[in-house]
Amino acid sequence: MQVEILGNADTVTEQNGALVVKTPQAQARVMVYSPTIIRICISKNFDEADSSFAVIEKPLDKFTYQKLTDTIEVSTSALKLVINKNPLRFNFYTADGNALSGDDARFGTTWQAERVINYRKLYADEKFIGLGEKAGDLNRRGCNYVNWNTDAAMHTITTDPLYKTFPFFIGLHSGLTYGLFFDNTHKSYFDFGATTDEQMSWFGADGGDMNYYFFGAQSIRNILEDYTWLTGRMEMPPLWSLGYQQCRWSYMSANEVLAIARKFREKNIPADVIYCDIDYMDGFKIFTWNKETFPDPKGMIAELKAINFRLVTIVDPGIKIDEEYAEYKEGVANNYFATYPNGELFTASVWPGRCHFPDFLNEEVREWWGVSFKALTGPGVEGFWNDMNEPAAWGQNMPWLVKFGEKFMPEIRNVYGMQMARATYNGTKRILNNKRPFILTRAAYAGTQRYSAVWTGDNAATDEHMLFGQRLVNSLGLTGMSLTGVDIGGFMGNPTPELMVRWNSLGVYTPMFRNHAAKGMVMREPWQWGEENEQVIKKDIEQRYKLLPYIYSGFYQSAQTGLPLSRTLAIDYTADENIFDVKYQNQFLFGDSILVAPVISTAETVDVYLPAGDWYRLSSDEKYTGKQVINVQCPLTDLPVFVKAGGIIPMQSIIQSTNEQGDGLLFIHIWNGSQSNEFIYYEDDGTSYDYQKGAYYKRTIVFDPQKKEIIFSAVEGIYQSKYSKVEVVWHGFEEGVLGSEFENGSEIISITY
Ligand code: GLC
């Protein structure tokens, strides 16, 4: 096989706002999306349609460049791209000339048959973070990865690939930051200096274009903001999806579902969601109910609603081959399924037995799929769990011949799950008529945050998986995915009671708090672990409900800026080497002010690294100075959780479900500190889209230690807060500071202390 290396620039022209540079091998297009985002697309056959599943923005019509003898220089207010013409290489600098990242001068972009690879310079101190759901450490230097969405059942903490594809990473070196998003859906590869004698990093794919977006903002926050501007942000999730979720494969009957839900209420353990896994269906046929075990779905859901529970049902892509089954017949009649090149339908086996697979890349199929949800929304389902959408089938090896419309499996596999989630989201959103659906998907591609939450698939009931899961959640947060979770307790195997308790306490600080287990595993509900443990689990779930006003405001921040709820410390403490230490790499900020140190179930004490600043332990208000390692007690009743000095955390009284009105009291907890801080408090009805028409309640809360003042800005939006009274709760302030309460009006409130 020949290797082709991108050669000399023959011509440089301008076409529809893009700079087009032709070489004997290919043409390269340079497009500017914003001062900090530049796209390079090098292709052998540029497709004028230039479509993307991930990107929702368009390039600028015009940008500034200068043609020099050997180079072309593209300049924005933030970036300089130096294009060397002979041979054609691309090198990025900050506007003031610091080298950010660029092609390896020897190889740059190359082809070996269809496979296209970009070789890049590697800096001695360069670190890499990102790629979403990937095994390994926070710093991915020295590792390599493959993106090929896989049903990674029984995966370990080193398995690669897993279920999702997020070809976006952030590089850090010389005190600088940059991001790179490789928008290519083929099987792709990333090598962060694994086997190049520290000479190069490289990435590429089995086909398609060398099509990447370079982000040059000088902070991870700004890079995330830019990346989620380009690929979209999540909408406000339904508030109920942020409560406690109880799942199992499977609660086998309506009676069992109802009994479990009622038990939560009898025991006063807060919860919002219960799931039906595959056994609710008739023969695993999607959009059907088992008539014997779930004879009256509407009645069941009405009873659930009466006790403030919502139901989420699983929906897999495989459509059972069954002449009596409507979806099968419609799909065949309309040509909605994947085929072989000779037109025969592709068949593979999964839960229902022999199946065909909808072509979610086709808009008409997505519409059809969306409308079919009436079988679930009719009885009252509001949450839809998309599983097995890598797509998975027994044997796991879908032939490369399989066609989805004009495209073959190798090109679309990595976006199949995302397109299913898109169809599910758009369809159910339309049917639910101004109610927010909750979508959860296992497979995903960059941009999935616009449609769905994700979870990390079939983990195992071990301490190791618990810590690994946290790393996955933190890493997903670096790719625009904020509403993320893991199977709390572990899917395969049985946790010890201690692990169950510990994992549940970490679940409080996981964006999506869902307990789930595989068939055959011991029951996992909070009362299965002995009376004493039940009380600990209950207390932790109560803590989650107290924190919901803070968590909901955190999701508002995600929806506005792309900043995730669970944040690796690399986001805010990028320059601090200690946070990359494998000992502390799982620690994360949950929202603006809470730092969580995950710890295994058997530890009684643990070393925690607190970054710069002062910190308070949430459970005791004990104060610590940062930029040091502290050793703290970590009994199962007290996960090490800290609040940043100056932290502002709104909380509410315990409620049993987000449907409850509560007592109308909003507590604004403030931890003393020497630096001022502000928090954007956000509230809306939690269930509808009215917030998009102004029906929200938003105010900025400022803590100003110089003026010794807390200021609540005037309220924005026309939504009436459900809290009639606000009470400030002081932590770490001098004795004698008294509680301050006020009626929750809309005017500015200032409290001095
Ligand atoms: C897959 C899912 C798991 C689900 C099971 C049965 O293994 O990952 O969450 O419970 O299928 O539907």
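Refer to the preceding data block for the structure.
This section reports on the structure supplied with the text. Model, not experiment: these values are computed from the prediction.

Turning to the overall build of the chain, a few remarks are in order. Across its full length, the chain carries 10 helices and 50 strands. Here the chain has a C-alpha radius of gyration of 26 Å; the compact-globule value for 753 residues is 27 Å, and the two agree. Seen through its C-alpha atoms, the chain measures out along the principal axes to roughly 75 × 70 × 50 Å. Residue pairs in contact within the chain that sit at least 24 positions apart in sequence constitute 68% of those at least 6 positions apart. Taking the 69 positively charged and 92 negatively charged side chains of the chain as two groups, their mean positions are separated by 2 Å.

A separate point is the layout of surface pockets. Each pocket or cavity is described by its volume, and for the largest pocket that value is around 1,000 Å³. As for the largest pocket, its lining consists of 39 residues, and the residues nearest its centre are Arg39, Asp47, Asp50, Ser51 and Asp209. At the level of secondary structure, the elements contributing two or more residues to the lining of the largest pocket comprise β4 (27–34), β5 (37–43) and β20 (210–215). Considering each element in turn, the lining of the largest pocket owes the most residues, four residues, to β5. Among the residues forming the lining of the largest pocket, the class breakdown is 14 nonpolar, 12 polar and 13 charged. As a volume, the second largest pocket reaches approximately 600 Å³. The wall of the second largest pocket is formed by 29 residues, among which Asp592, Ser593, Lys644, Asn677 and Glu678 lie closest to the centre. Among the secondary structure elements, those contributing two or more residues to the lining of the second largest pocket are α10 (531–561), β39 (614–617) and β45 (677–684).

This next bit is on the state of the cysteines. In total, this model carries zero disulfides according to the counting rule given. Cysteine 276 carries a free sulfur, and the closest cysteine sulfur to it, the one in cysteine 247, is 9.1 Å from it.

This part is about the environment of aspartate 316. Its location among the elements puts aspartate 316 in the loop between β23 (310–315) and β24 (319–320). Filtering out sequence-adjacent residues up to four positions away, aspartate 316 remains in contact with Ile278, Ile286, Trp351, Trp369, Asp387, Met388 and Met420.

A separate point is the packing of aromatic side chains. By the definition in use, this model includes 63 aromatic pairs. Measuring from centroid to centroid gives 6.0 Å for phenylalanine 703 and phenylalanine 733, while their planes differ by 80 degrees, and the two rings are edge-to-face. A residue pair is termed long-range when its members are at least 10 positions apart, and phenylalanine 703 in strand β46 (residues 696–704) and phenylalanine 733 in the loop between β48 (725–731) and β49 (740–743) qualify at 30 residues. Residue phenylalanine 703 shares its accessibility class with phenylalanine 733, and that shared class is buried. An aromatic cluster is present here, built from Phe92, Phe128, Tyr145, Phe169, Tyr178, Phe182, Phe190, Phe192, Phe203, Tyr212 and Phe214 joined pairwise through their rings. Its end group placed over the ring of phenylalanine 46, arginine 29 keeps NZ or CZ at 3.7 Å from the ring centre. Lying over the aromatic face of tryptophan 385, arginine 514 brings its terminal NZ or CZ to 4.6 Å of the ring centre.

Take empty space enclosed by the protein next. Rolled over the atoms, a probe with the dimensions of a water molecule shows which regions are left empty. Overall, the coordinates contain six cavities of 30 Å³ or more when judged by the stated rule. Estimated volume of the largest cavity: approximately 180 Å³. Lining the largest cavity are 17 residues, with Glu235, Pro237, Pro437, Tyr451 and Ser452 positioned closest to its centre. Broken down by class, the residue content of the lining of the largest cavity amounts to 12 nonpolar, two polar and three charged.

This next bit is on the site of the ligand. Lining the immediate environment of the ligand, one finds Trp249, Asp277, Ile278, Ile314, Trp351, Trp385, Asp387, Arg442, Trp455, Asp458, Phe491 and His516. A distance of 2.5 Å separates an oxygen atom of the ligand from a polar side-chain atom of aspartate 277. Aspartate 387 places a polar side-chain atom, nitrogen or oxygen, 3.0 Å from an oxygen atom of the ligand. The fraction of the free accessible surface of the ligand (310 Å²) that becomes covered by protein chains is 97%. By residue class, the composition of the shell around the ligand is seven nonpolar, one polar and four charged.

One pass over the full model with this rule turns up 38 salt bridges. Between lysine 583 and aspartate 607 there is a salt bridge, with the nearest N and O atoms lying 2.8 Å from each other. Of this pair, lysine 583 sits in the loop between β35 (566–568) and β36 (588–590) while aspartate 607 is found in strand β38 (residues 605–610), placing the two residues 24 residues apart along the sequence. In this structure, a network of salt bridges that share partners links the residues Asp151, Asp387, Glu390, Arg442 and Asp458.

The subject of this paragraph is helix α3 (residues 297–306). Buried within α3 are the following residues: Pro297, Met300, Ile301 and Leu304. Along the long axis of α3, the arc covered by the buried residues comes to 95 degrees, so they all point the same way. Facing away from the buried side of α3, by more than 90 degrees, are the exposed residues Lys298 and Ala306. In this fold, the buried residues of α3 make contact with α2 (254–266), β22 (273–276) and β23. Following α3 by one or two positions, asparagine 308 adopts a phi angle in the positive range, close to 60 degrees.

Bringing the sheet that holds strand β2 (residues 11–15) into the picture now. Ordered in space as β2-β3-β4-β5-β20-β17-β16-β13, the eight strands form an open sheet in which the pairing is antiparallel. The outermost strands of the open sheet, each flanked by one partner alone, are β2 and β13 (127–130). Shown here is a sheet whose adjacent strand axes are inclined to one another by a mean of 20 degrees, direction ignored. Here β5 runs beside β20; their pairing, made up of six bridges, is antiparallel. Note that in β20 the partner of arginine 39 across the bridge is tyrosine 213.

The subject of this paragraph is the pairing of β20. When you tally the buried positions in β20, you get six out of six residues, the bulk of the element. Of the two faces of β20, the one holding Met210, Tyr212 and Phe214 and the one holding Asn211, Tyr213 and Phe215 are both buried throughout. Two strands pair when backbone bridges link them, and strand β17 (residues 176–182) and β20 are joined in this way by four bridges, in the antiparallel orientation. Paired with phenylalanine 182 across the strands is tyrosine 212, a residue of β20.

This part is about the packing of α2 against α3. One way to put it is that α2 packs onto α3 with a least axis distance of 10 Å and a crossing angle of 0 degrees. Considered as vectors, α2 and α3 are oriented roughly parallel to each other. The residues of α3 that touch α2, namely those facing Ala254, Val257, Leu258, Ala261 and Arg262, are Met300, Glu303 and Leu304. Within the contact of α2 with α3, the residues separate by chemical class into six nonpolar, no polar and two charged.

Parameters at a glance
Residues numbered from 1 in each chain as written. Predicted model: local features only at pLDDT ≥ 70, side-chain atom pairs only at ≥ 80, totals over all residues. Heavy atoms only, no water. Helix = DSSP H or I, 4+ residues; strand = E, 2+ residues; numbered from the N terminus. Rg over C-alpha atoms; globule rule 2.2 N^0.38 Å. Contact = heavy atoms within 4.5 Å. Lys, Arg positive; Asp, Glu negative; His and termini not counted. Charge placed at Lys NZ, Arg CZ, Asp CG, Glu CD. 1 Å grid on protein atoms, 1.4 Å probe; cavity = no way out; pocket = protein on both sides within 12 Å on 5 of 7 lines; lining within 4 Å. Points joined across faces, edges and corners; volume = space filled by probe spheres on them. Nonpolar A, V, L, I, M, F, W, Y, C, P; charged D, E, K, R; others polar. Disulfide = S-S within 2.5 Å. Phe/Tyr/Trp six-rings, centres within 6.5 Å; stacked < 30°, edge-to-face > 60°. Buried < 20%, exposed > 50% of the residue type's maximum accessible area, 1.4 Å probe, protein only. Lys NZ or Arg CZ within 6 Å of the ring centre and 35° of its normal. Near = heavy atom within 4 Å. Polar contact = N/O pair within 3.5 Å; in protein donor to acceptor, adjacent residues only side chain to side chain. Areas by Shrake-Rupley, 256 points an atom, 1.4 Å probe, with all protein chains shown as cover. Salt bridge = Lys/Arg side-chain N within 4 Å of Asp/Glu carboxyl O. Arc of directions from axis to C-beta. Pairing = 2+ DSSP bridges. Axes fitted to C-alpha atoms, helices over the stretch in contact; angles between N-to-C directions. Parallel < 35°, antiparallel > 145°, perpendicular 65-115°, else oblique.

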